[in-house]
Each structure stands twice: as C-alpha cells, then as structure tokens.
Amino acid sequence: MTDTVACSVIVPTYDRAELLRHTLESLTRQSVGRDAFEVLVVDDGSRDDTRQLVAGYEDRLDLRYFFQEDEGYRVAKARNTGIAHARGPVSVFVDSGVILHSGALAAHLAAHGEADGPVAVCGYVFCFNEGNEDGELIARSIDYADPDASIRGFDEQRRWLDIREEFYERYGEDLGALTAPWLMYWTCNVSASTAQLREVGMFDEEYRSWGAEDIDVAYRLHLAGARFVLRRDASSIHCPHPKSFEDNMRTAAANYEYFAAKFDTPIAHLVPPHHFFDIEDIIRERGLRDIAPPRPVTAPVAR
C-alpha cells in the first residue's frame with residue numbers, strides 16, 4: 001500500500017458477491033496500474049461470502065474492506081464511509097456488478113487532470129436495464145474474460161447502449177452547457193473531487209431506499225461549481241441482476257419528493273412529476289435558472 005494514490009474507487013455492496021467479483025476482476029485489469037488507485041469496498045451488512053471474496057483480492061489490489069451492520073438500505077452511508085477514508089484526490093463510484101473497461105480509470109483521471117476546476121465525471125454504462133429486460137441474453141453476451149471486447153462489440157453493433165443515450169442525442173454531449181446536468185450523474189460509474197464531496201456534505205444518509213441519493217449529491221456539486229463532463233471512454237458494462245422496476249419507482253417517488261422539499265427551488269420541484277429526460281426542455285421553456293436554495297444544503301432536512 002502506498003501513501004498516495006491518484007484515485008479512490010468506492011464500491012458499496014450488499015449480498016452480491018458474484019457481481020462484486022466481476023467488478024474487482026475489472027479493477028485488476030486497469031491500464032493505470034495497481035499503484036495508481038485504491039479500492040474501498042463498503043459492505044452494507046452482507047450475509048453471503050462477500051468478506052471472503054474481497055480477501056481473495058488483497059494481494060492483487062490496494063484494497064480495504066469496511067463492514068456496517070445491516071440496518072436496512074444504507075448505500076449513502078456506505079459511500080460516505082468510502083469518501084471519509086479515501087486517500088485519493090478523486091473518488092470514483094462504481095456499483096457491484098459494474099465491469100469497467102481497462103481504460104476507465106485512466107479516462108476518469110484524465111477528465112480531472114484536464115479541467116481548470118472541479119469536475120463531476122459521468123462514465124458510460126452499457127447494458128443498464130430498468131427491469132432486468134434482456135437480462136439472460138445480456139449475461140450470455142458478455143465475455144467476462146475480455147470485457148473490453150464486449151464493450152467494443154456492443155458499441156459497434158449499437159446494442160444495449162447507455163439508456164442516457166436518448167438524453168445525449170437530444171441535448172448534445174457538452175453537459176456543462178446544460179442547466180441541470182446533475183440529472184445524469186448516476187453513481188454506477190461516476191467520479192468527483194474527494195475534497196469537494198467532503199465540502200458539500202457527502203451523500204445525504206436520509207435516503208434509506210433506492211433512488212435520488214446520487215442526483216442529490218450531484219445537485220450540491222453543481223451548486224458548488226463543479227462542471228459536469230461526459231467521458232464515453234470511461235466505459236463499463238452493467239451486469240444484469242434481478243430487480244423490480246415497479247418497486248424502484250415507488251421508493252424513488254418518495255425520495256424525489258424529499259429532494260424537492262429539501263432544496264425548495266423551482267428546478268428541484270420539477271424532479272418529482274417529470275421524467276429526467278424532459279426537465280431540461282421544461283427549464284428552457286419556462287426560462288428557469290439556478291438560484292440559491294433557501295436553506296443550507298450540506299446537511300439532511302427532516303422528512
């Protein structure tokens with residue numbers, strides 16, 4: 001373990017040892033080399049063999065493991081544990097089951113190194129599906145021994161593209177030119193300045209169910225001056241796994257209402273009733289602009 005690393009990769013997990021294995025394997029293949037980054041796996045109370053799996057990578061990665069008791073869905077707290085212990089100036093957030101291209105960390109680091117100020121980087125995610133549609137077919141199509149080849153093939157064939165592709169085609173890829181670029185900051189594959197994440201209060205741990213904790217911290221990064229950047233070369237594959245689109249949308253709806261009440265700005269209030277891909281158009285139609293929230297936003301508010 002070295003005292004200095006270029007970035008800290010933070011991976012929250014819960015009872016997903018096999019998916020986590022794919023993520024850790026992809027981290028062993030990164031072009032930047034082992035000494036350039038550390039991996040912080042934060043376990044939200046797993047009861048499977050996650051700890052044993054992680055231990056098997058300690059000789060291949062600069063890796064630390066943190067465990068928090070299972071007290072329900074606490075992914076925000078898990079990511080905060082990673083941020084609090086991060087040694088790198090850049091924090092890269094990757095979900096369990098996300099397979100990074102071998103050049104993904106290099107692309108994240110390049111985006112930060114090329115910027116004049118703080119940036120929030122959105123990586124590209126193939127195969128993300130909302131209700132595990134095509135899950136079995138996707139799983140059979142991934143070459144787990146050579147994910148770079150799979151990513152190249154999916155890109156060439158235009159298969160299972162990032163579902164945000166519709167947004168990028170509509171508004172272009174210069175996220176910094178948008179009023180609400182933070183809507184596309186989904187923490188399955190993103191990065192930000194570790195120092196700025198700490199300054200804005202990190203993730204809001206009041207989010208105790210799926211949805212919105214990522215756009216919440218992204219909105220605060222935006223208000224603090226971070227410029228949002230899309231890096232297609234920070235690419236990845238989202239491994240399919242069982243999920244319920246209906247359940248996720250139900251919990252997300254309550255979280256979006258909390259988000260709107262917390263920030264209490266005209267733009268924040270657009271989040272609960274509208275699809276993310278339509279909000280930028282509504283902002284433009286109404287001539288809205290960012291204004292300072294009426295209360296401090298570095299800490300949670302009462303639900």
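Below, the structure is looked at part by part.

Thresholds applied
- Residues numbered from 1 in each chain as written.
- Predicted model: local features only at pLDDT ≥ 70, side-chain atom pairs only at ≥ 80, totals over all residues.
- Heavy atoms only, no water.
- Helix = DSSP H or I, 4+ residues; strand = E, 2+ residues; numbered from the N terminus.
- Contact = heavy atoms within 4.5 Å.
- Phe/Tyr/Trp six-rings, centres within 6.5 Å; stacked < 30°, edge-to-face > 60°.
- Buried < 20%, exposed > 50% of the residue type's maximum accessible area, 1.4 Å probe, protein only.
- Lys NZ or Arg CZ within 6 Å of the ring centre and 35° of its normal.
- Salt bridge = Lys/Arg side-chain N within 4 Å of Asp/Glu carboxyl O.
- Core = buried A, V, L, I, M, F, W, Y, C linked by side-chain atoms within 4.5 Å.
- Pairing = 2+ DSSP bridges.
- Axes fitted to C-alpha atoms, helices over the stretch in contact; angles between N-to-C directions.

**Notes on the side chain of T13**
- Mapping T13 onto the fold places it in strand β1 (residues 7–13).
- Once residues lying within four places of it in the same chain are set aside, the contact partners of T13 are L20, V41, V42, D43, D44, S46, T50 and S96.

**Quick notes on the packing of aromatic side chains**
- In total, this model carries 16 aromatic pairs according to the counting rule given.
- Ring plane angle 55° and centroid distance 4.7 Å describe the contact between F167 and Y171, whose orientation is recorded as tilted. With F167 and Y171 both in helix α7 (residues 165–171) and 4 residues apart, the pair spans about one turn of that helix. By the burial criterion, F167 is buried, and Y171 matches it.
- Ring geometry for W182 against F259: centres 5.8 Å apart, planes inclined by 35°, an arrangement best described as tilted. Highlighted residues: W182 in the loop between α7 and β7 (189–193) and F259 in helix α10 (residues 245–263), separated in sequence by 77 residues. Pair check on accessibility: W182 and F259 agree, each one buried.
- Three or more aromatic residues joined by ring pairs form one cluster here, namely Y124, F126, F154 and W160.
- R79 extends its terminal NZ or CZ atom over the ring of F203, reaching a point 5.4 Å from the ring centre.

**Some remarks on the environment of V190**
- Among the secondary structure elements, V190 is positioned in strand β7.
- What makes V190 buried here is its relative accessible area of 0%.
- On a C-alpha basis, the gap between V190 and E213 in space is 13 Å, while along the polypeptide they are 23 residues apart.
- Beyond its immediate sequence surroundings of up to four residues, V190 is in contact with S91, V92, F93, H108, V121, C122, G123 and Y185.

**Details of the pattern of salt bridges**
- One pass over the full model with this rule turns up 26 salt bridges.
- For the salt bridge of E114 with R231, the shortest nitrogen-to-oxygen distance reads 3.3 Å. Taken together, the residues span a long stretch of sequence, with E114 in helix α4 (residues 104–114) and R231 in strand β8 (residues 227–238) at a distance of 117 residues.
- Linking R220 and D216 is a salt bridge whose minimum nitrogen-to-oxygen distance equals 2.8 Å. With a gap of 4 residues between them, R220 and D216 both fall in helix α9 (residues 213–223), about one helical turn apart.
- Each of E38, D62, R64 and R87 takes part in one network of salt bridges that share partners.

**Brief notes about the nonpolar core**
- Core analysis: the biggest nonpolar cluster contains 86 residues, and V9, V39, W182, Y185 and F276 have the highest contact counts within it.
- The contact partners of F276, leaving out residues within four places of it in the chain, are F167, L183, M184, W186, I215, Y256 and V271.

**Some details on the environment of V98**
- Inspection of the secondary structure puts V98 in strand β5 (residues 98–100).
- In this structure V98 comes out as buried when scored by relative accessible area, which is 0%.
- Along the sequence, V98 and S236 sit 138 residues apart, while their C-alpha atoms lie 6.5 Å from each other.
- Setting aside residues no more than four positions away along its own chain, V98 makes contact with T23, S26, C188, S236, I237 and H238.

**Structural notes on unusual backbone geometry**
- Even without a glycine there, the phi angle at D15 is positive, about 50°.
- For D15, the location among the structural elements is in the loop between β1 and α1 (17–28).
- Taking the relative accessible area as the measure of exposure, D15 reaches 29% and is therefore partly exposed.
- For W160, which is not glycine, the phi torsion reads 50° and is therefore positive.
- Mapped onto the secondary structure, W160 falls in the loop between α6 (147–157) and α7.

**Some points on the sheet that holds strand β2 (residues 37–43)**
- Here 8 strands make up an open sheet; going across it, the order is β3-β2-β1-β4-β7-β6-β8-β5 and the pairing mixed. Of all the strands in the sheet, just β3 (63–67) and β5 have a single pairing partner and so form its edges. The sheet shows a mean angle of 30° between the axes of neighbouring strands, direction not considered.
- One ladder, built from 5 bridges, connects strand β4 (residues 90–94) with β7; its direction is antiparallel. Within the sheet, the bridge partner assigned to F93 lies in β7 and is V190.

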